[in-house]
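Below, each chain spelled out in residue letters.
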Amino acid sequence: MKLRIALLPGDGIGPEVTHEAVRVLQAVAELCNHEFEFQELPIGGAAIKEHGSPLPISALDACLASRAVLLGAVGAPEYDDLPPDRRPEAGLLTLRQALGGFANLRPIVFYEALAPASPLRPERIAGADLLIVRELLGGLYFSEPRGFTTEGNTPVAAYNTLRYEAREIERVAHIAFQAARRRRRKVTSVDKANVLETSQLWRHTVARVARSYPDVALEHIYVDACAMRLVSEPARFDVVLTENLFGDILSDEAAVINGSLGTLASATIGGAIDLYEPVHGSAPDIAGRGIANPIGAIASAALMLRYTARLEQEACDIEMAIEQVLDAGYATPDLHSASTRCVVGTAEMGQLITEALAEIVDLRRAYHAV
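First things first, this report covers the structure right here in the doc. This is a predicted model, so every value here is computed, not measured.

This next bit is on the overall build of the protein chain. Looking only at helices and strands, the protein chain has 12 helices and 14 strands in total. Here the protein chain has a C-alpha radius of gyration of 21 Å; the compact-globule value for 370 residues is 21 Å, and the two agree. For the protein chain, the spread of C-alpha atoms along the three principal axes comes to 70 × 50 × 40 Å. Every one of the 370 residues in the protein chain was classed for burial, and the buried ones make up 54%. About 15900 Å² of surface is accessible on the protein chain, with carbon and sulfur atoms providing 52% of the total. Of note, the protein chain has its 34 positive side-chain charges centred 7 Å away from the centre of its 48 negative side-chain charges.

What follows is the structure in structure tokens.
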């Protein structure tokens, strides 16, 4: 397998966690005879500092010429006073639109070793294994018009538009139902249909798409009820389908299952080029200290192998290596709890996962050789 990967380390802890994800991918390439080509490119605050733009045209062109994009994090507080279209986050929104991925997949799997790190009681989160499918190119984040009303130079009002077309809902719903067929065959569609017309369209359209998947159960739930049940009974969910804003909030909330956003990965699919990134932000307060959790970035690399490269075994090997390292009692500071045997830094965690990966691959080869 040859895979050309555009690397966008970005801001804050992005370069640190991306480095560890690349380390694991390079190990996969060496262990399994694949060829992964990496091209590092600027985005966000790092791109503003170097090029004056949050996403230079040359970087975007290179992403579009790749098979997949691996992103670290975007966001730098020193640029918060810039106009919205010139801030680091504008580069990410532009990238998402250009790549065309409309479905953001965020798996949340309960790691038993991390139960003490979660604020939730172990019996509530045991067995949780859900996939949040978030529509990524519509809703409040992209719809027009948007802006401010000013009096002189003073903003006195602001407005955003929440708009969805049936076709946007249909295509992401198909992704959710297809994913459910590979899992436990249940889709929970999240909306606010008792208040919002967009949610009424959402519910009607999802119900219509569901008729093409008679083997998959569908339930509808209001977003506030879903938020409550994610922390009270998360194991009841299989695939959670929702619009852009709700999905952003609910997937971050679901991080409490493992106690940290640092463990969560994401894949954005459906467009010309797939985009992979950890769910956490740039965390400028801990950047450069070597303590950031790289698991979300490494797990995102596993998703890349699964969805873009179609290397299911290699993806599973990475995920197994992560679990083995956690089971052995290693944790970055954000995951530290009474059960932690050893607190390690970013690079140490990446090295431990790489070593565990090599052992897993060697054991599988030895088994097949018998």
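Moving on from the model shown.
Quick look at unusual backbone geometry now. Of note, the bond from Glu-144 into Pro-145 is cis; its omega dihedral lies within 30 degrees of zero at 5°. Note that Pro-145 resides in the loop between β5 (129-135) and β6 (147-151). Phi angles above zero are rare outside glycine, and Asn-33 is one such case at about 60°. Mapped onto the fold, Asn-33 is located in the loop between α1 (14-32) and β2 (35-40).

Before going further, it helps to examine helix α8 (residues 223-232). Buried within α8 we find Val-223, Cys-226, Leu-230 and Ser-232. Turning to α8, the residues buried within the fold contact α5 (122-125), β5, β8 (186-191), β9 (217-222) and α9 (244-253).

Note on placement: Ala-358 falls in helix α12 (residues 346-369). Distance in space between the C-alpha atoms of Ala-358 and Leu-93 is 36 Å, their sequence separation being 265 residues.

Attention now goes to a negative patch on the surface. A cluster of like negative charges, contributed by Glu-78, Asp-80, Asp-81 and Glu-89, occupies part of the molecular surface. Structurally, Asp-81 is set in the loop between β3 (68-73) and α4 (88-99).

Within this structure, the stated rule accounts for 22 salt bridges. The shortest N-O distance in the salt bridge between Arg-96 and Glu-277 comes to 3.4 Å. You can see Arg-96 sitting in helix α4 and its partner Glu-277 sitting in strand β12 (residues 274-278), a full 181 residues away along the chain. The class for Arg-96 is buried, based on a relative accessible area of 9%.

Residue placement: Asn-244 occurs in helix α9. Here Asn-244 is in contact with Arg-134, Glu-135, Leu-136, Leu-137, Gly-138, Tyr-141, Phe-142 and Tyr-164, once residues within four sequence places are set aside.

Turning our attention to the sheet that holds strand β10 (residues 239-242). Backbone hydrogen bonds hold the strands of a sheet together, and the pairing may be parallel or antiparallel. Pairing is mixed in the open sheet, where 10 strands are placed in the order β2-β1-β3-β12-β11-β4-β5-β10-β8-β9. At either end of the open sheet lies a strand with only one pairing partner, and these are β2 and β9. Across this sheet, the average inter-strand angle for adjacent strands is 25°, counted without regard to direction. Bridge analysis of β5 against β10 gives four bridges, and the strand direction is parallel. Paired with Val-133 across the two strands is Leu-241, which belongs to β10. Contacting β4 (103-109), β5, β8 and β10, α9 runs over the sheet at an angle of about 150° to β5.

Calculation notes
Residues numbered from 1 in each chain as written. Predicted model: local features only at pLDDT ≥ 70, side-chain atom pairs only at ≥ 80, totals over all residues. Heavy atoms only, no water. Helix = DSSP H or I, 4+ residues; strand = E, 2+ residues; numbered from the N terminus. Rg over C-alpha atoms; globule rule 2.2 N^0.38 Å. Buried < 20%, exposed > 50% of the residue type's maximum accessible area, 1.4 Å probe, protein only. Areas by Shrake-Rupley, 256 points an atom, 1.4 Å probe, with all protein chains shown as cover. Lys, Arg positive; Asp, Glu negative; His and termini not counted. Charge placed at Lys NZ, Arg CZ, Asp CG, Glu CD. Contact = heavy atoms within 4.5 Å. Patch = residues over 30% accessible without salt bridge, like charges linked within 9 Å, V, L, I, M, F, W, Y side chains within 5 Å. Salt bridge = Lys/Arg side-chain N within 4 Å of Asp/Glu carboxyl O. Pairing = 2+ DSSP bridges. Axes fitted to C-alpha atoms, helices over the stretch in contact; angles between N-to-C directions.

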